[in-house]
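Observations on chain architecture
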Amino acid sequence: MSNFLTGDFDAVFQLSRGTVNRLLATTHQNRQGYSKKMPLSPQKLVSRIGGYESVNVGEGQVRGTAWVQISVPTIEIVPNSTEELIIECWIRARYRADPDTVPLPQFIHGKVRVTFIVKLTSENNVPLFRLKVSDDDKKVSFDSPELDAITGQLILTVLRPLLRKGLTAYLTLPNDLPVGMSQLKGLRAGGLQVLALPLSLPGGKNFPSTSESISNILGPSDFSFAISKEYILGLIQTYLDELRKWQPQFHVSADPYPDATYTNRVHKAVAAWNGNGQSGTLSFYCEGDATTPSDWWPNADWDTKLGISISFGSNAQSLILTAAGDPAVHVDIHGPVGWIVAGKAENNVKSKAKAIRDQVISKIQEQVDCILPQIVEQIRSILRRVDIAATIVIKTVDFTPDGVVFHGAVTVSRRKHPPQVKIEELNDGTGYTAFDNWIPGGWITDYSWEWHWWEVDPFTGLPIGIPMWSSTDDPDSLGEWIGRHLNQLKNPPEGYESHKEKYADRFVLLGKELPGLSKPETRKAGGLCLRVSGWNIDQTTGEEVPVSGLHVVNMNLGDYTYSD
């Protein structure tokens, strides 16, 4: 019968969906060259659609150039699947078709949802998880709030072969993993989603071929792992076998009877596990007899009960084994003068049982002190293949009737501050682009463009009618004041004008002639402001949190830039 916590395995490790998304957010804030060993998910790319081979759509061909912004990827667990994992992200693109090809919309904005096939495999003797796009067309989708269904399907027809050809991901694993692993399994229940990874521990049973038997979520923590009671009891089986070979002797004497030598033998030795939440207990029960070849002295039967208590030391991050009281011994005498034999037998059994119990505590403690750090180090090692700064700590431990469950927290890299918003003029002079902007570990939801133009004093070059003051005569301070407050004027001066455009589907502002920016007229000046709003994945909770707006002001009044 499978263990409730670990199925057919010695142990199982589970990582929450929120923690996986926090790790993916770290890959999204990594840049090329940040670390050759750290994976990254791209924030933007410029791609040739079709390349040397056109993408056929009906009787036409799709071929062109796409400038694509890509959000942080997030996962969704496929319940009870041992090979599928859903990854989705937002994309925002500007597409320029080659002449005489099937046109796509110039601006494309939507969510890409892809089911990946995950396999634990090996390449060049390096263990790794490989993620490959599913061949099932129904498991690659694109949903856009701006595009109609027909156009969305057209884009999806182009998108599917591109993803399958160029989107395969790998997560390499350490070569010297001390603990065996099997295929991942996704679990969902009551709003919780986890990835479960079966483990095979040293000295445990043979590793099952599939993870189908794992069916229960261990808890809501960042990570959890459980060790089955069967594995714990298996650790002490060797000592139980040795106990059955135990044959200590003791001597009795009492006038007028001759002296006698008794031999204690163990006929039965079993152990049981009990978990009560805060601690666990290994209970031992032994039966045996005490016999002598003397015809003058009676033989005896005896039994003993003893226990080992197991608790968790949070400071040492380890399990602690201690004796649970003195052994309880019962002796049954088969003949006269039993009171002499009973005392001797009871004391002998009790002293020997305590000695063996202390040896068992010492030996099992050594094994636990080895195995637990191995599991923790394995978890840390795998996480650091994604985020070099990832750290873990065990917070609580539950001792259950089925085994021990460890619950812990994962700390990932701090979110990087978004770089200063950047505005550039399009190469063809048709407008302005914010293609280089991104929110590390998140995504941009909209671009709010605002530009201003105003009359200037031909003698000073400063805006007419704006009250000018500063605590210093430094012109930089004056310019900074203008840059900070020009957009906040409650009563704009005469000649001050502005216009706003807000887009969710694009990162460009099209317009050849923006007043005050493009070939400003005499006695006119202007500035362009861009506010970027969005979300990122919180580094602690994995929840989506809003990112404060950013803006940059480039003014013809001077090269002053401000961002909040």
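Residues numbered from 1 in each chain as written. Predicted model: local features only at pLDDT ≥ 70, side-chain atom pairs only at ≥ 80, totals over all residues. Heavy atoms only, no water.

Bringing the overall build of the protein chain into the picture now. On a plain count of helices and strands, the protein chain comes out with six helices and 30 strands. Out of the 564 residues belonging to the protein chain, those deemed buried represent 49%. Counted over contacts in the protein chain with a minimum sequence separation of 6, partners at least 24 positions apart contribute 67%. Carbon and sulfur atoms make up 50% of the accessible area of the protein chain, which amounts to about 27900 Å² in all. (Helix = DSSP H or I, 4+ residues; strand = E, 2+ residues; numbered from the N terminus. Buried < 20%, exposed > 50% of the residue type's maximum accessible area, 1.4 Å probe, protein only. Contact = heavy atoms within 4.5 Å. Areas by Shrake-Rupley, 256 points an atom, 1.4 Å probe, with all protein chains shown as cover.)

Attention now goes to the nonpolar core. Formed by 105 residues in total, the largest nonpolar core has its most connected members in Phe 142, Phe 223, Phe 225 and Phe 406. The dominant element in this core, judged by the number of residues it contributes, is helix H5 (residues 338–383), at 16 residues. Formed by 22 residues, the second largest nonpolar core is a distinct cluster that contains Phe 107, Trp 451, Phe 507 and Leu 514. (Core = buried A, V, L, I, M, F, W, Y, C linked by side-chain atoms within 4.5 Å.)

It is worth spelling out the environment of Asp 137 at this point. Within the fold, Asp 137 resides in the loop between strand E9 (126–133) and strand E10 (140–143). Under the relative-accessibility criterion, Asp 137 is labelled partly exposed at 38%. Separated by 19 residues in sequence, Asp 137 and Leu 156 have C-alpha atoms that sit 9.5 Å apart. With residues near it in sequence (within four places) discarded, Asp 137 still touches Arg 160 and Arg 164.

Using the criterion set out here, one finds seven aromatic pairs in the structure. Measuring from centroid to centroid gives 6.3 Å for Phe 312 and Phe 406, while their planes differ by 75 degrees, and the two rings are edge-to-face. Here the residue Phe 312 occupies a position in strand E19 (residues 300–313), and Phe 406 occupies one in strand E23 (residues 403–411), the gap between them amounting to 94 residues. Pairwise contacts between aromatic rings join Phe 225, Phe 312 and Phe 406 into one cluster. (Phe/Tyr/Trp six-rings, centres within 6.5 Å; stacked < 30°, edge-to-face > 60°.)

Turning to helix H2 (residues 149–166), a few remarks are in order. Look at H2: 25 Å from first C-alpha to last across 18 residues, which is about the 26 Å you get at 1.5 Å a residue. Largest kink in H2: about 25 degrees, centred on Leu 159, with the proline Pro 161 one to four residues after it. For H2, every residue scored as buried is listed here: Thr 151, Gly 152, Ile 155, Leu 156, Val 158, Leu 159, Arg 160 and Leu 163. The N-terminus of H2 is capped by Asp 148, whose side-chain oxygen sits 3.1 Å from the backbone nitrogen of Ile 150. (Expected span 1.5 Å × (residues − 1). Bend = angle between axes of the 7 residues up to and from the residue. Polar contact = N/O pair within 3.5 Å; in protein donor to acceptor, adjacent residues only side chain to side chain.)

Throughout the structure, instances matching the rule amount to 21 salt bridges. The partner of Lys 111 in a salt bridge is Glu 88, and the shortest N-O contact between them spans 3.6 Å. A residue pair is termed long-range when its members are at least 10 positions apart, and Lys 111 in strand E8 (residues 107–123) and Glu 88 in strand E7 (residues 84–97) qualify at 23 residues. On the basis of relative accessibility, which here comes to 26%, the residue Lys 111 falls in the partly exposed class. Between Asp 358 and Arg 357 there is a salt bridge whose closest N-O contact spans 3.5 Å. In this structure Arg 357 comes out as buried when scored by relative accessible area, which is 5%. (Salt bridge = Lys/Arg side-chain N within 4 Å of Asp/Glu carboxyl O.)

Pairing in this open sheet of three strands is antiparallel, and the strands run E24-E25-E28 from one edge to the other. The open sheet has two edge strands with one neighbour each: strand E24 (424–425) and strand E28 (508–510). Where strand E25 (residues 431–433) meets E28, three bridges bridge the pair, whose relative direction is antiparallel. When the bridges of E28 are listed, Tyr 432 appears paired with Leu 509. (Pairing = 2+ DSSP bridges.)

Attention shifts here to the confidence of the model for the protein chain. Where the model shows low pLDDT, its predicted coordinates should not be examined in detail. Summary statistics for the protein chain give a mean pLDDT of 83 and a share of 85% for residues scoring 70 or more. For the protein chain, per-element mean pLDDT is lowest for helix H6 (residues 475–485), which scores 48, and highest for E23, which scores 96. In the predicted structure, residues 467–473 sits below a pLDDT of 50 and forms eight contacts with residues beyond four places in sequence or in another chain. (pLDDT = per-residue confidence, 0-100.)

Looking now at the pairing of strand E13 (residues 185–189). Sheet topology note: the E13/strand E14 (residues 192–200) ladder contains five bridges and is antiparallel. Bridge pairing in E14 links Arg 188 to Gln 193.

Of note, the phi angle at Asp 100 is positive, near 60 degrees, even though the residue is not glycine. By the element assignment, Asp 100 lies in the loop between E7 and E8. Judged by its relative accessible area of 85%, Asp 100 is exposed. Of note in this structure, Gln 317 is not a glycine but carries a positive phi near 55 degrees. Summarising the element assignment, Gln 317 is placed in the loop between E19 and strand E20 (318–323).

The next point concerns the side chain of Asp 505. Relative to the elements of secondary structure, Asp 505 occurs in the loop between strand E27 (497–503) and E28. Separated by 3.1 Å, the side chains of Asp 505 and Arg 506 make a polar contact. Sequence-distant contacts of Asp 505, that is, excluding residues within four places in its chain, are made with Arg 92, Phe 107, Ile 108, His 109 and Glu 146.

To continue, consider the environment of Asn 437. Structurally, the position occupied by Asn 437 is in the loop between E25 and strand E26 (442–455). The sequence separation of Asn 437 and Lys 422 amounts to 15 residues, and the corresponding C-alpha distance is 6.3 Å. Dropping the residues within four chain positions of it, Asn 437 is found in contact with Gln 69, Gln 420, Val 421, Lys 422, Ile 444, Tyr 447 and Leu 530.

In this section: the environment of Leu 128. Along the chain, Leu 128 turns up in strand E9. Its relative accessible area of 4% is what places Leu 128 among the buried residues. Taking the C-alpha atoms as reference, Leu 128 lies 4.1 Å from Thr 172; in sequence the two are 44 residues apart. Ignoring sequence-local partners within four residues, the contact set of Leu 128 consists of Lys 119, Leu 120, Thr 121, Glu 123, Tyr 170, Leu 171, Thr 172 and Leu 173.

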